[in-house]
Amino acid sequence: MMNNKHMLDPDDPAGGGDVHDHLLEAITPVPLSPDRADAVKQRLLTRIRASRTAGADFIHVRLEEGEWGRLVPGVRVKRLSGDARSVLLELQPGAAIPFHRHHEDEECVVLRGEAQLGDITVGVGDYHLARSGSRHGIVRSARGALLYLRGTPIGHGMEVARDVISALLPGRGQVPLTVHRDEGEWTERQPGVRLKLLHDDGHERSLLLSLAPGAHADFRDPPLDRECLVIEGEAFAGDRLLRAGDYQLAPDGVRQPPFSSDVGSLLFVRSSSRPAA
């Protein structure tokens, strides 16, 4: 019988490494015949080509990719999609954006840090909708923040100037909609897959999608067929790995592929309100 002091306990932090090493030493590589090895290689190459073809029409923007431009001191912006008027906006600690008026609905999701939108404070995973015609107070961040904005004129100089100048006129417009991360109702659609509706204008809906580790989401109703942005964690859209801050836009008429996650993820999704086909 083995002496207790030589036994390997996988729950013991000091002995866990020994278990891992012994298991690796016990694994014997299984050689494949040339025909078998070639068949495996061809299957992998076929899947890679199919994955590339399936995602060829999508717009993918990773957080570390793309060009950032200066908006005002301490604030930089990166355009994600011209048609959807979507951008990432990064505020350095203490930076601010002047008050302005919205001439279209503008959605905001916080990816990192905390920001003050006038007298409203939002943090990671919080959602804010400024209605068309409304006036925003100064947007600032004491400790820095990374925001996703959709429906913004940033990148269109004359429209930005219009928004700032028209903010001098009286009238605040409609009250904005804010949904904090710990507010609202979650609906479990599949095991480990939850949805929270944020806004639905009758044409498109905005929602949060939460994936537990190991979850797989393949939607038919509602169809997730437009934009997605990873807020936290990692998720696969089909075969493509998306990390926090990564963005993907599906072309018109093409649905997002199934989502899955090994480690868990929180995503912001813009989806059609049309009935599923």
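Residues numbered from 1 in each chain as written. Predicted model: local features only at pLDDT ≥ 70, side-chain atom pairs only at ≥ 80, totals over all residues. Heavy atoms only, no water.

1. A few points about the overall build of the chain
No. 1: The helix and strand inventory of the chain stands at 3 helices and 22 strands.
No. 2: A buried classification covers 40% of the 277 residues belonging to the chain.
No. 3: By sequence separation, contacts in the chain at least 24 residues apart represent 65% of the contacts at least 6 residues apart.
No. 4: Here the chain displays about 15,500 Å² of accessible surface, and carbon together with sulfur accounts for 55% of that area. (Helix = DSSP H or I, 4+ residues; strand = E, 2+ residues; numbered from the N terminus. Buried < 20%, exposed > 50% of the residue type's maximum accessible area, 1.4 Å probe, protein only. Contact = heavy atoms within 4.5 Å. Areas by Shrake-Rupley, 256 points an atom, 1.4 Å probe, with all protein chains shown as cover.)

2. As for the environment of Val75
No. 1: Structurally, Val75 can be placed in strand 3 (residues 75-81).
No. 2: A relative accessible area of 2% places Val75 in the buried class.
No. 3: As for Val75 and Arg140, which are separated by 65 residues in sequence, their C-alpha atoms are 9.8 Å apart.
No. 4: Setting aside chain neighbours within four positions, we find Val75 in contact with Gly69, Arg70, Leu89, Glu90, Leu91, Ala95, Ala96 and Ile97.

3. A closer look at the side chain of Arg150
No. 1: Within the secondary structure layout, Arg150 lies in strand 12 (residues 145-150).
No. 2: One polar contact links Arg150 to Glu227, side chain to side chain, over a distance of 2.4 Å. (Polar contact = N/O pair within 3.5 Å; in protein donor to acceptor, adjacent residues only side chain to side chain.)

4. Points about the packing of aromatic side chains
No. 1: Scanning the model with the defined rule gives 3 aromatic pairs in all.
No. 2: Measuring from centroid to centroid gives 6.3 Å for Tyr148 and Tyr247, while their planes differ by 35 degrees, and the two rings are tilted. On the criterion of sequence distance, the pair formed by Tyr148 in strand 12 and Tyr247 in strand 20 (residues 247-249) is long-range, its members being 99 residues apart.
No. 3: With a relative accessible area of 1%, Tyr148 lands in the buried category.
No. 4: Using a relative accessible area of 1% as the deciding quantity, one classes Tyr247 as buried.
No. 5: Each residue in the set Tyr127, Tyr148, Tyr247 and Phe268 is aromatic and connected to the rest through ring pairs, giving one cluster. (Phe/Tyr/Trp six-rings, centres within 6.5 Å; stacked < 30°, edge-to-face > 60°.)

5. Some points on the pairing of strand 16 (residues 204-211)
No. 1: With 8 of its 8 residues buried, strand 16 lies for the most part within the structure.
No. 2: Burial of the side chains of strand 16 extends over both faces: Glu204, Ser206, Leu208 and Ser210 are buried on one face and Arg205, Leu207, Leu209 and Leu211 on the other.
No. 3: As paired elements, strand 15 (residues 193-200) and strand 16 share 7 bridges and run antiparallel to each other. Across the sheet, residue Leu195 finds its bridge partner in strand 16, namely Leu209.
No. 4: Once strand 15 ends, the chain turns through 3 residues before running back antiparallel as strand 16, passing Gly202 with a positive phi of about 95 degrees.
No. 5: Here 8 bridges tie strand 16 to strand 22 (residues 265-272), and the two strands are oriented antiparallel to one another. (Pairing = 2+ DSSP bridges.)

6. Brief notes about the pattern of salt bridges
No. 1: Overall, the coordinates contain 11 salt bridges when judged by the stated rule.
No. 2: In this structure, Glu90 engages Arg112 in a salt bridge whose closest nitrogen and oxygen atoms are separated by 2.5 Å. With Glu90 in strand 4 (residues 86-91) and Arg112 in strand 7 (residues 106-117), this pair connects stretches of sequence that are 22 residues apart.
No. 3: Between Glu227 and Arg150 there is a salt bridge, and its shortest N-O distance comes to 2.4 Å. Taken together, the residues span a long stretch of sequence, with Glu227 in strand 18 (residues 227-237) and Arg150 in strand 12 at a distance of 77 residues. (Salt bridge = Lys/Arg side-chain N within 4 Å of Asp/Glu carboxyl O.)

7. Some thoughts on the pairing of strand 3
No. 1: Burial analysis of strand 3 places 5 of its 7 residues in the buried class, which makes it a mostly covered element.
No. 2: Note that strand 2 (residues 69-72) and strand 3 share 3 bridges and pair antiparallel. The residue of strand 3 that forms the bridge with Val72 is Val75.
No. 3: Linking strand 2 to strand 3, which pair antiparallel, is a turn of 2 residues; within it Gly74 sits at a positive phi near 85 degrees.

8. Details of the confidence of the model for the chain
No. 1: Averaged over every residue, the pLDDT of the chain is 80; the share at 70 or more is 75%.
No. 2: Element-level mean pLDDT values for the chain span from 61 in helix 3 (residues 157-166) up to 94 in strand 15. (pLDDT = per-residue confidence, 0-100.)

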